[in-house]
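Read off the chains here:
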Protein chains: 2
Amino acid sequence: MSHPAPDDPLFCPTETALGIIGGKWKGMILWCICRKTMRFNELHRTIPNISQRMLTKQLRELEAHGIITREVFAQIPPRVEYRLSAHGQSLKPILDALENWSRSYLNAVAEADTATDDT
Amino acid sequence: MSHPAPDDPLFCPTETALGIIGGKWKGMILWCICRKTMRFNELHRTIPNISQRMLTKQLRELEAHGIITREVFAQIPPRVEYRLSAHGQSLKPILDALENWSRSYLNAVAEADTATDDT
DNA sequence: TCCTTTAGTTACCAAAAGGGAAGTATGGGC
DNA sequence: GCCCATACTTCCCTTTTGGTAACTAAAGGA
């Protein structure tokens, strides 16, 4: 294998990872799925702002990257369950770290807002 | 600035964090800056595919979120240095974790490719 | 017979993102 | 007197993204 080209996403692992988990709605989807197995409409109800089209698309991308698995039950009406794959499980600590970082970030912002609040 | 309200049922810290570090090129920019202080053109040379327009834009977003600092030296030609802020430093472990996860992901993909390689 | 539910797909359209190239200021070197 | 470098900004145009709404199948219930 040759040296990774500077424009190659493989050149930067951080970029690769963010390319996988950084899509629109992926944070919320992962946030839901890493807590429990969920069905399509269950996700849709939990994240009402997402359209079916987008939910499908993001789920397919996560599946294509091996982060989640999709299990179809041959029933009418259909039943499809999404859950974290083994590889997705290895993301959990990072998702937790992201969540903690985010909370401390939001706190810092809130404090800064309070400090400069001149009401 | 519109951060999600904490009482919003859609409030998702993971999404917040990804909104901050998940923009296009941000992975690479952070990857560079978390290693050393860098000047504008230095970043541009390191990531040749990014346009000046985008580099400026992404740097300003990171700065607005308090992740990096921008220091201007009153010189001709101009000299501007970008580095991680204190808050950005707190991201480093996450960036490292992302990098490690990405490497193991890439390895797994490479192995899967080898296993199914029918040449 | 019609309605409901589930888990989608498809077509269409508006908005946003992003690339490329050119312009800007300033002072020093040749 | 012209060109160089730096760190941008601005304009224009194409590509991508994402939302809305309508359509699908199939079984069970009223």
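Reading the values: rules and limits
Residues numbered from 1 in each chain as written. Chains lettered and ligands numbered in written order. Predicted model: local features only at pLDDT ≥ 70, side-chain atom pairs only at ≥ 80, totals over all residues. Heavy atoms only, no water. Near = heavy atom within 4 Å. Polar contact = N/O pair within 3.5 Å; in protein donor to acceptor, adjacent residues only side chain to side chain. Helix = DSSP H or I, 4+ residues; strand = E, 2+ residues; numbered from the N terminus. Expected span 1.5 Å × (residues − 1). Buried < 20%, exposed > 50% of the residue type's maximum accessible area, 1.4 Å probe, protein only. Contact = heavy atoms within 4.5 Å. Pairing = 2+ DSSP bridges. Axes fitted to C-alpha atoms, helices over the stretch in contact; angles between N-to-C directions. Least-squares fit on C-alpha atoms with pLDDT ≥ 70 in both.

The name an unreviewed UniProt entry gives chain A is HTH-type transcriptional activator HxlR, with Tritonibacter horizontis as the organism.

Peer 1: Where do I start with the protein's contact with DNA strand C in this structure?
Peer 2: If you check the shell around DNA strand C, you find 20 residues, and the closest are Thr56(A), Arg60(A), Arg70(A), Pro78(A) and Tyr82(A). Counting only atoms of DNA strand C within 4 Å of the protein, the sugar-phosphate share comes to 65%. Separating a phosphate oxygen of DNA strand C from a side-chain N or O atom of Tyr82(A) is a distance of 2.7 Å. Note that a phosphate oxygen of DNA strand C is positioned 3.3 Å from one of the side-chain N or O atoms of Lys24(B). Taken together, the elements giving at least two residues each to the surface near DNA strand C come down to helix 3 (40-46), helix 4 (52-64) and strand 3 (79-84) of chain A together with helix 4 (52-64) of chain B.

Peer 1: Would you take a moment to explain helix 6 (residues 92-115) of chain A for this structure?
Peer 2: An α-helical turn contains 3.6 residues, so any two residues separated by three or four positions project in the same direction. Relative to the 34 Å expected for 24 residues at 1.5 Å per residue, helix 6 of chain A spans 34 Å between its end C-alpha atoms, a close match to the ideal helical length. Taken together, the buried positions of helix 6 of chain A are Ile94(A), Leu95(A), Leu98(A), Glu99(A), Trp101(A), Ser102(A), Tyr105(A), Leu106(A) and Val109(A). Lining the buried residues of helix 6 of chain A we find helix 1 (13-21) and helix 2 (26-33) of chain A together with helix 1 (13-21), helix 5 (86-89) and helix 6 (92-115) of chain B.

Peer 1: Help me understand the sheet that holds strand 3 (residues 79-84) of chain B, please; the structure alone is not making it clear to me.
Peer 2: Each strand in a sheet pairs with another by means of backbone hydrogen bonds, the pair being arranged parallel or else antiparallel. Residues and elements named next belong to chain B. Read across the open sheet, the three strands follow the order 1-3-2; overall the sheet is antiparallel. Of all the strands in the sheet, just strand 1 (38-39) and strand 2 (68-73) have a single pairing partner and so form its edges. Where strand 1 and strand 3 come together, two bridges link them in antiparallel fashion. Paired with Arg-39 across the two strands is Glu-81, which belongs to strand 3. In the packing of helix 4 onto the sheet, contacts are made with strand 2 and strand 3, and the angle to strand 2 comes to roughly 115°.

Peer 1: Would you mind showing me how to read the pairing of strand 2 (residues 68-73) of chain A here?
Peer 2: In the case of a regular strand, side chains alternate between the two sheet surfaces. Examined bridge by bridge, strand 2 of chain A and strand 3 of chain A share six bridges and lie antiparallel to one another. Among the inter-strand pairings, Phe73(A) is bridged to a residue of strand 3 of chain A, identified as Arg79(A).

Peer 1: Sorry, what's going on with the relation of the copies chain A and chain B here?
Peer 2: Mapping one chain copy onto the other needs a rotation about an axis and a shift along that axis. When chain A is fitted onto chain B, the two copies agree to an RMSD of 0.1 Å after a turn of 180° and an axial shift of 0.0 Å. These values place the two chain copies in the arrangement generated by a two-fold rotation axis. Minimal C-alpha distance to the rotation axis in chain A is attained by Gly22(A), lying at 2.6 Å.

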